[in-house]
Amino acid sequence: MNPHRSADSSLVTKLLSEAGELAQLWPGYQSREEQLGLSQQVERAISERRSMLIEAPTGTGKTLGYLLAAMTSPDKIILSVGNRTLQDHLWWGEYQKLQLMLPQSKSMQVLKGCDNYLCNHKIQQSLETGHPLLLEVWDHINQWRLQTRSGDLQTLPPAAQEKLTPLRRLISVSADHCLGKACAWFDHCFFQRARSKAAESELLLINHSLLLSDQQLFDKGLGALLPEAAAVIVDEAHQLPDMLVRHNMEMIDGYRLQRWLTKLRRQLGDELRLFSELTQRLDQLGRVWQQIETQLSPAFESQDLLTVSSRSVQPLLDIMRPLQQYLEHIQGSVANIKEYLAQLTLWVSMLSRTIEESGLLYCERSGNWMRVLAARLNTPFTGLRTSHISWVFLSATLAVGDKFDFVKRSLMLPEMDEYRFKGAMDYRKQARLWVPESLPDPANEHFYSAWTDTLLELATQVQGGMLLLFSSHKALQVCAELLRGRTERTILVYEPESNRQQLLQQFRQDQNSLLLATGSFWEGIDIQGPALRCVAIDKLPFSPPDDLMNLAWRHMARQQQRHWFNDFAVPQAITRLRQGVGRLLRAPDDDGLVVVGDRRLLRKAYGGRFLAALPDMARVESLAEAIAFLEAHQINGVNT
């Protein structure tokens, strides 16, 4: 479908045109055809209540394009971005500029997930247990708690802010653990207050975690956000298939089950003595779970994930279902147990449906706890066919092989308008792709040794920073150890506890460093100029075979009569690879080299799908050809 729309009378057309207000007010602003076309389509989606899938590569001006359409619309709009960092980036970046230049446009409210706000209930629990870390900074937190209006943890006093990462679990809760209206502190809840204020906003900025938990929070009495909006604009929508699995897969977690038993007994208190049968049922549930864990324990010694017949957990359902009925019977006679009954009902429903369908369950060992998972997904997007809300899904990497089939399959989306815009980067001129065929296969035990040697050779030739992306943290650690002491370049290593922004700032400043990273560094980072001249990716980013993603996709493939590997695993890996490659060129004058150490890209049948989906880069066959390109672009130099 033609992404460009003739809409001379539209407001965004007037604002984004060469003679528009932005050209007059924004220093250095240049009207871009692709940005104008994107903004027009988002404007049309909102006004005509249409849903759309839009791919807009780097340089399109995607963020400004959709934000302008949202700010100038008379309707109530929700914007959803990937995470808190992107919320801050949007708020302090394009939004502040537009708000300054277009004061007549509507204001935007920001709502974060509930674990970003102080939870009075959680603090009370943590104080009762006497946790030393909380007691150490309690005076600072308590004084702040009595003064703050927002309860936003980012505004904690410095003494507590320095220890926010370990403190967060002691003073806040996730959507899964929020009690909602059942909480004694509900009327004084900072998150509920922020959510109520957000519900009144004409333009609301949230993140994907909050988007996916909206129904869950509504069920707990916190009020839904989505039904009140005319349109929901989802940026970085390529993240949703993965996040949907992580957030919405049905499971029974051993840790949560034990906490459920403990907290229910505590909630009932002395009343529990009045119901001897209930005490027996609760004890029995704990024993049955322990018996299942014991039976599976030998198998967990050789693998972390087991496939089991749903019938094998029939004893668990045989205990849970009568317990559910018993709690329903007594709930009017005891202290508030609505929350506990609701959770038990979800577990019973999960097991019942899986057994009725003769489906498979998966048992996973995570630390000291076992989880029982069903590969069934709860998706908030199944109602789009009948919804009055416009949904606009945007990303630089939303399509695979020129089609949006993967994202539609993964999110179970109905048919909707589809648009692909051209990027501003000339990869044919500005970049080259090298796949060293002499490397062993990634599964070979000598692969990372050989890959490290290749990286060190490159480090002597590339003048500028190198971003080394890894498929796992274990692989990152192996290479980091192999690199140390063999180069004079600064080696920056991302660890889970690292400050991401500080690490990126250091990488930008030291323009001859090596940054080894994984996880979130595959996307969402913007490093321009000499600080980044080479992106090196160890191997094709497939999810591990026992990952939750693959479990969910196997189930969806059976439902949709598709092939889980070709129709789900490969497209997801392609999307992730495109994100990683997209870190290289962030500005029109950037140039550099992409190196992928996985020769499956050239030797496997599916490799052609990866190559076809990447930006149009010429491929070099050897290090010599790569060096020739670097010399031609004056980005080579001798480093050791």
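Above: the structure in question.
Residues numbered from 1 in each chain as written. Predicted model: local features only at pLDDT ≥ 70, side-chain atom pairs only at ≥ 80, totals over all residues. Heavy atoms only, no water.

### Some remarks on empty space enclosed by the protein
- Within the structure shown, the criterion is met by one cavity of 30 Å³ or more.
- Looking at the largest cavity, its volume works out to about 180 Å³.
- Where the lining of the largest cavity is concerned, the elements lending two or more residues are helix H6 (120-129) and helix H10 (190-199).
- Grouping the constituent residues of the lining of the largest cavity by class yields 13 nonpolar, five polar and no charged. (1 Å grid on protein atoms, 1.4 Å probe; cavity = no way out; pocket = protein on both sides within 12 Å on 5 of 7 lines; lining within 4 Å. Points joined across faces, edges and corners; volume = space filled by probe spheres on them. Helix = DSSP H or I, 4+ residues; strand = E, 2+ residues; numbered from the N terminus. Nonpolar A, V, L, I, M, F, W, Y, C, P; charged D, E, K, R; others polar.)

### Quick word on the packing of aromatic side chains
- Counted under the stated rule, the structure contains 18 aromatic pairs.
- Aromatic pair Phe-406 and Trp-553: ring centres 6.1 Å apart, planes at 75 degrees, arrangement edge-to-face. Here Phe-406, found in helix H18 (residues 405-411), pairs with Trp-553, found in helix H23 (residues 548-560); they are 147 residues apart in sequence, far enough to count as distant. By the burial criterion, Phe-406 is buried, and Trp-553 matches it.
- Here Phe-542 and Phe-610 contribute two aromatic rings whose centre-to-centre distance is 5.8 Å and whose plane-to-plane angle is 80 degrees, an arrangement assigned as edge-to-face. Within this pair, whereas Phe-542 is found in the loop between strand E16 (534-537) and H23, its partner Phe-610 is found in helix H26 (residues 607-613), the two being separated by 68 residues in sequence.
- Judged by its relative accessible area of 19%, Phe-542 falls in the buried class.
- Grouping aromatic residues by their ring pairs yields a cluster made of Phe-542, Trp-564, Phe-565, Tyr-606 and Phe-610.
- The ring centre of Phe-568 lies 5.7 Å from the NZ or CZ of Arg-409, which sits over that ring. (Phe/Tyr/Trp six-rings, centres within 6.5 Å; stacked < 30°, edge-to-face > 60°. Buried < 20%, exposed > 50% of the residue type's maximum accessible area, 1.4 Å probe, protein only. Lys NZ or Arg CZ within 6 Å of the ring centre and 35° of its normal.)

### Overview of the pattern of salt bridges
- The full count for this structure, using the stated rule, is 24 salt bridges.
- For the salt bridge of Glu-55 with Arg-420, the shortest nitrogen-to-oxygen distance reads 2.8 Å. Remark: Arg-420 occurs in strand E11 (residues 417-420) and Glu-55 occurs in strand E1 (residues 52-55); sequence separation between them is 365 residues.
- We classify Glu-55 as buried; its relative accessible area is 1%.
- Among the residues examined, Arg-420 registers a relative accessible area of 33% and is labelled partly exposed.
- Among the salt bridges present, the one from Arg-486 reaches Asp-453, with a minimum N-O distance of 2.9 Å. Of this pair, Arg-486 sits in the loop between helix H21 (473-483) and strand E14 (491-493) while Asp-453 sits in helix H20 (residues 447-459), placing them 33 residues apart in sequence.
- Judged by its relative accessible area of 35%, Asp-453 is partly exposed. (Salt bridge = Lys/Arg side-chain N within 4 Å of Asp/Glu carboxyl O.)

### Examining the sheet that holds strand E12 (residues 431-434)
- Sheet architecture is open: seven strands sit in the order E14-E15-E13-E16-E17-E12-E18, paired in parallel fashion. The two strands at the open ends of the sheet, each matched to only one other strand, are E14 and strand E18 (618-620). Going from strand to strand, the sheet's axes swing by 20 degrees on average, the running direction of each strand aside.
- For E12 and strand E17 (residues 592-596), the ladder comprises four bridges, and the chain directions are parallel. Considered in E17, the bridge of Arg-432 is made with Leu-593.
- Running at roughly 155 degrees to strand E15 (residues 514-517), H21 makes contact with strand E13 (466-469), E14 and E15 of the sheet. (Pairing = 2+ DSSP bridges. Axes fitted to C-alpha atoms, helices over the stretch in contact; angles between N-to-C directions. Contact = heavy atoms within 4.5 Å.)

### Thoughts on the side chain of Ser-39
- Following the sequence through the fold, Ser-39 ends up in helix H3 (residues 33-48).
- Here Ser-39 falls in the buried class, since its relative accessible area comes to 0%.
- Ser-39 has contacts with Val-12, Leu-16, Gly-65, Leu-68 and Ala-69, leaving out every residue within four places of it along the chain.

### Things to note about the environment of Gly-423
- In this fold, Gly-423 is placed in the loop between E11 and helix H19 (427-430).
- Taking the C-alpha atoms as reference points, Gly-423 and Ala-160, separated by 263 residues in sequence, lie 44 Å from one another.
- Contacts of Gly-423, omitting those with residues within four sequence positions, involve Pro-57, Thr-58 and Thr-60.

### Observations concerning helix H5 (residues 84-101)
- For H5, spanning 18 residues, the distance from its first C-alpha to its last is 25 Å, which sits close to the expected 26 Å at 1.5 Å a residue.
- Bending of H5 peaks at approximately 40 degrees at the position of Tyr-95.
- The set of residues buried in H5 consists of Leu-86, Gln-87, Leu-90, Gly-93, Tyr-95, Leu-98 and Met-101.
- N-capping of H5 is provided by Asn-83, with a side-chain oxygen placed 3.2 Å from the backbone N of Thr-85. (Expected span 1.5 Å × (residues − 1). Bend = angle between axes of the 7 residues up to and from the residue. Polar contact = N/O pair within 3.5 Å; in protein donor to acceptor, adjacent residues only side chain to side chain.)

### A closer look at the pairing of E1
- Residues Met-52 and Ile-54 of E1 are buried on one face, and the alternating residues Leu-53 and Glu-55, pointing to the opposite face, are buried as well.
- One ladder, built from four bridges, connects E1 with strand E10 (residues 390-395); its direction is parallel. Bridge assignment links Ile-54 to a residue of E10, and that residue is Leu-394.

### With respect to helix H9 (residues 164-171)
- Those residues of H9 that fall on the buried side of the exposure criterion are Leu-164, Leu-167, Arg-168, Leu-170 and Ile-171.
- The elements touched by buried residues of H9 are H5, H6, helix H7 (132-147) and helix H8 (158-161).

### Structural notes on the environment of Ile-54
- Summarising the element assignment, Ile-54 is placed in strand E1.
- The exposure class of Ile-54 is buried, given its relative accessible area of 0%.
- Expressed as a C-alpha distance, the spacing of Ile-54 and Tyr-419, which sit 365 residues apart in the sequence, is 4.8 Å.
- Not counting chain neighbours up to four residues away, the residues in contact with Ile-54 comprise Leu-38, Gln-41, Val-42, Val-392, Phe-393, Leu-394, Ser-395, Leu-398, Phe-404, Tyr-419 and Phe-421.

### Overview of the nonpolar core
- In terms of nonpolar packing, the biggest core is built from 54 residues, with Leu-469, Leu-515, Phe-521 and Phe-610 touching the most fellow members.
- Counting residues per element, this core draws most heavily on H23, at seven residues.
- When sequence neighbours within four positions are dropped, the list of residues in contact with Phe-610 reads Leu-540, Phe-542, Val-570, Ala-573, Ile-574, Leu-577 and Leu-601.
- Counting residues in hydrophobic clusters, the runner-up holds 51 residues, among them Leu-164, Leu-167, Phe-190 and Ala-399. (Core = buried A, V, L, I, M, F, W, Y, C linked by side-chain atoms within 4.5 Å.)

These figures come from the coordinates and say nothing about function on their own.
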